[in-house]
Amino acid sequence: MDACSHKVDGENDNCEATLAAVNLNVLPDEILEFIFTYLPPYGDLEHCSLVCKRWHVIVKNLVRRSKLNLEKGLTDFRLRWEVFSQQSANGIGGAPLSFIAGRFAHSAVRQDNSMYVFGGGSSSDTTFNDLWRFDLTHMRWARPVATGTYPSPKGSASMVAWRDQLVLFGGWRYPSLHPPYQPWCLFDELHYYDLGKNRWLLRNSLSCPPPMAGHSATVHGDRMVIFGGYQIKDDVNVNSNDTWVLDLPEQRWWQPLFVGNTRPSPRYGQIQVELGRNHLLVVGGCGGANRVYTDAWLLDMTRDVWCWKSLNVRNKRFGAVHMWCNPGCKVNNYLVVVGPSPNMPQDFQMMKQSRVPVVGGRGPPPPNPLQNLPPRGLRIPVPDRRLGGGMGGPGQNRGGNIRPGVGGAAAALGPQEQYLANRRAILNQHMQQAQQFLHNSNVNNNNNNYQPRSGRLSDLHAPPAPAPAASPPSPPVRPNAPPSPADGDVDAAQRLQRNLALRCRDNEPRLPKRFDELYEDPFRMAAFNVPTRSRSASRDHNERIRRMEEKMNAIRNSRRSAPAAAQVEPQPLRAPSPKRLRCNVQSLFVCDISNILESSEPALDWVEYKNFGVLKGAPDRLILSSLIAGNGELILFGGVHKETLTDITHHVSNSIHFLSVPRDII
């Protein structure tokens, strides 16, 4: 026993020595880099780079590789969405944390390892003027206790980061409820927020832009350039295409001079990105009702006199269409836009089918169908059916042309008049044939089982007449009456009569449909466009229904009589197939902007998407949200459901969605 105990103690000492000798530095660089990918790419990764020189090099390579992987993932659409909401935040720690309220049309900007969000619209027709900071390292919301002159509650304001300050300008807010029917209020306020002192500073100048909202802004060195927006000029609300420049150190506004009159159309809600110190790009926007833009413009600021250039947009079918209420940002050489896809098929979508005009009937219009009706009792021959769906008569040959000497007057008509004459000829011909066969059927009293073409709606639901006890006496036979047709001939004549009446209405889509008319709806889905069966084809239909009801009642009674322990637990619902695309989600659109400044003919190239731009874990479809670029990821925050904007309370979001590249397993 003593020998065994000494042996166990020796093994434990050897294991402790081995564990003490093993540390992270023994691992290869590739394994360390893979481990570092699980850290937030912000404060924690920066702290790891300060440990030693080797870790600094590994972190530097990891940051560079993450940027390259994000660009490659954008072109290959190999990305994934991850959501961070209040529920997930409360599940991390024990005590509940402070959380931002849901909002839309807010202002968001990233500075170092934090994302700042200001203002925006609420869910009850009000606006905020609070400033929130989201710590990207610890994934936590915090509201700084700021001092100074607070901005007014507003949304759709521009906010940019410059040095250690935030610059806020413009915006709108909802009108007050008392007195009612007030217009929206626009602002021309300019505020600076000092991040070190947590203090708001209001800056007013004499020459400043008019009150505006929905404009775009970018920082180029020590200048902030704003473009467009929804403004008030001479007490009139208009869209603008003006350009204003703010000297950030001197806090002075001025307007540049431009070459010629070439400039973008007035708009608001456009996407504006910075392309170096002397260039910026403007894409999309809205100019009013039914005036949504998808064009692109380049502003050249290299000289004293600035110049606007219109860019060619390629592959528009793969581009975003609603670039005035959906966010976008720049990722190195790509412009990323998040929004709905216009080409995505919806669930149970009804595709409109085009109606093909009937070919034929090139002769003059036939006489009025109410004229020259045959005398009562005269049997009318049935015309021959043609392969193309038309009806051939004694005045038409096999080729569909009329006899010689009849179409001379129609040949002198123009193309439009000839087409209208053909349509009238087809309509009148079908109506005449329908009237003739209807008259013939009424004469022979063969319409006992036919649906009435006119009458009251209550007659359709009236009970059938009771059958007589004895057969009635046969009516007297007239000398000139035709012989009674057989049952097969009667059914064929009735079917032909109904087909002629329906074809008369189908060939002319402008004719109204009757409430009691049975016709095939061409706009229904093919899966449900099943013709109804006649009563004679389903004689035992009631018997099948009765048997099915008995079987269902037996199953219900057996379940009720069974004890609780013997009952089978309900199985959980099966998850939807991953191959099925969700329709009401955000899609990703990527545009290549690398050749704008280098090529002699600058152009934008929209990248061909996969699966309509829908990625794994895509968020619900929202508008007026914000999208900013992080370290190797994109951050989407807030938004409102478009369908709830007209309701009393809006459905807004306060979730954060991260778009990143899936981790590769070594």
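As annotated in an unreviewed UniProt entry, the chain carries the name F-box only protein 42 and is attributed to Drosophila rhopaloa.

Peer 1: Describe helix 4 (residues 53-76), with residues and values.
Peer 2: Its 24 residues give helix 4 an end-to-end C-alpha distance of 34 Å, which sits within 8% of 34 Å, the value for a rise of 1.5 Å per residue. Along helix 4, the residues classified as buried are Trp55, Ile58, Val59, Leu62, Leu70, Glu71, Gly73 and Leu74. Looking at the buried residues of helix 4, the elements they touch are helix 2 (29-36), helix 3 (43-48), strand 25 (328-331), strand 26 (334-339) and strand 29 (587-592). At the exit of helix 4 stands Phe77, carrying a positive phi of roughly 55°.

Peer 1: How would you summarise helix 2 if you had to cite specific residues and measurements?
Peer 2: Buried within helix 2 are the following residues: Leu32, Glu33, Phe34 and Phe36. Where helix 2 is buried, its residues contact helix 3 and helix 4.

Peer 1: How would you summarise the side chain of Asp242 if you had to cite specific residues and measurements?
Peer 2: Along the polypeptide, Asp242 turns up in the loop between strand 17 (236-239) and strand 18 (243-247). Under the relative-accessibility criterion, Asp242 is labelled buried at 18%. A distance of 2.7 Å separates a polar atom in the side chain of Asp242 from a polar atom in the side chain of Lys233. If near-sequence neighbours (up to four positions away) are discounted, Asp242 is found in contact with Ile226, Phe227, Gly228, Gln231, Lys233 and Gln255.

Peer 1: Mind laying out the confidence of the model for the chain, listing which residues take part and the relevant values?
Peer 2: When the pLDDT values of the chain are averaged, the result is 75; 62% of them are 70 or greater. Confidence drops under a pLDDT of 50 for residues 346-411, and excluding neighbours within four residues, the segment shows 80 contacts in the predicted structure. When the criterion is pLDDT under 50, residues 506-537 qualifies, and its contacts beyond four places in sequence or with other chains add up to 46 contacts.

Peer 1: Go over the pattern of salt bridges, please, and point to the residues and values.
Peer 2: Under the definition given, this model contains 13 salt bridges. We note a salt bridge from Asp242 to Lys233, for which the minimum N-O separation is 2.7 Å. Of the charged contacts, one joins Arg252 and Glu250 as a salt bridge, the two residues approaching to 3.5 Å between their closest N and O atoms. Among the residues examined, Glu250 registers a relative accessible area of 55% and is labelled exposed. Connected through shared salt-bridge partners, Asp247, Glu250 and Arg252 make up one network.

Peer 1: Residue-level account of the pairing of strand 32 (residues 634-637), with values.
Peer 2: Here strand 32 shows no split at all, with Leu634 and Leu636 on one side and Ile635 and Phe637 on the other all buried. Sheet analysis places strand 31 (residues 626-629) next to strand 32, joined by four bridges and oriented antiparallel. What sits directly across from Ile628, in strand 32, is Ile635. Taking the residues between adjacent antiparallel strands as the criterion, strand 31 and strand 32 are bridged by four residues, where Gly632 takes a positive phi near 75°.

Peer 1: Describe unusual backbone geometry, with residues and values.
Peer 2: The bulk of non-glycine residues show a negative phi, and the bulk of peptide bonds are trans. Phi angles above zero are rare outside glycine, and Phe77 is one such case at about 55°. Looking at where Phe77 falls in the secondary structure, it is placed in the loop between helix 4 and strand 1 (80-84). Of note in this structure, Leu624 is not a glycine but carries a positive phi near 55°. The residue Leu624 is located in the loop between strand 30 (603-606) and strand 31 in this model.

Calculation rules
- Residues numbered from 1 in each chain as written.
- Predicted model: local features only at pLDDT ≥ 70, side-chain atom pairs only at ≥ 80, totals over all residues.
- Heavy atoms only, no water.
- Helix = DSSP H or I, 4+ residues; strand = E, 2+ residues; numbered from the N terminus.
- Expected span 1.5 Å × (residues − 1).
- Buried < 20%, exposed > 50% of the residue type's maximum accessible area, 1.4 Å probe, protein only.
- Contact = heavy atoms within 4.5 Å.
- Polar contact = N/O pair within 3.5 Å; in protein donor to acceptor, adjacent residues only side chain to side chain.
- pLDDT = per-residue confidence, 0-100.
- Salt bridge = Lys/Arg side-chain N within 4 Å of Asp/Glu carboxyl O.
- Pairing = 2+ DSSP bridges.

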